[in-house]
Amino acid sequence: MIGGIVAILIAIWFYRSAEGRGLPAVQWAFAGLLAYYVPHFIWSLVVAKPLMAEFHARSAVMMAGVIGHSSVVVGALVAVAVRHYFLLRAPTNS
């Protein structure tokens, strides 16, 4: 649920940033979603799932919860970097 809320906020953020710069806002909102979900998905499969299994075996439920939500943080950080390095540096139409 947290990941979905973050994804919606990122799409709105990308949309408004692109709209303010005179760029195609819908395409940039979609790019923001991709920038969030691709690393989110990769991180959760490659890093978070194996670590969660290890922490559950040790009965470290709190740490497993933190690791389970780490993919949201990774996806958000990549989306912030994409906005900074690509969206804000894109040539404007104005």
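Residues numbered from 1 in each chain as written. Predicted model: local features only at pLDDT ≥ 70, side-chain atom pairs only at ≥ 80, totals over all residues. Heavy atoms only, no water.

(A) Main features of the packing of aromatic side chains. The final tally for this structure, using the stated rule, is two aromatic pairs. Here W13 and F14 contribute two aromatic rings whose centre-to-centre distance is 6.1 Å and whose plane-to-plane angle is 90 degrees, an arrangement assigned as edge-to-face. You can call W13 partly exposed: its relative accessible area is 33%. (Phe/Tyr/Trp six-rings, centres within 6.5 Å; stacked < 30°, edge-to-face > 60°. Buried < 20%, exposed > 50% of the residue type's maximum accessible area, 1.4 Å probe, protein only.)

(B) Structural view of the confidence of the model for the chain. Averaged over all residues, the pLDDT of the chain equals 90, while 94% of them reach at least 70. Helix α1 (residues 2–21) holds the highest mean pLDDT among the elements of the chain, 96, whereas helix α3 (residues 61–87) holds the lowest, 89. (pLDDT = per-residue confidence, 0-100. Helix = DSSP H or I, 4+ residues; strand = E, 2+ residues; numbered from the N terminus.)

(C) Structural view of the side chain of S70. Inspection of the secondary structure puts S70 in helix α3. Residue S70 is classed as buried on the basis of its relative accessible area of 18%. One polar contact links the side chain of S70 to the main-chain carbonyl oxygen of I67, over a distance of 2.6 Å. In this structure, S70 is in contact with W43 and A48, ignoring residues within four places of it in sequence. (Polar contact = N/O pair within 3.5 Å; in protein donor to acceptor, adjacent residues only side chain to side chain. Contact = heavy atoms within 4.5 Å.)

(D) Representation of the side chain of H40. Relative to the assigned elements, H40 resides in helix α2 (residues 25–57). Judged by relative accessible area, H40 falls into the buried class, the value being 16%. Aside from chain neighbours lying at most four places away, what touches H40 is S71, V72 and G75.

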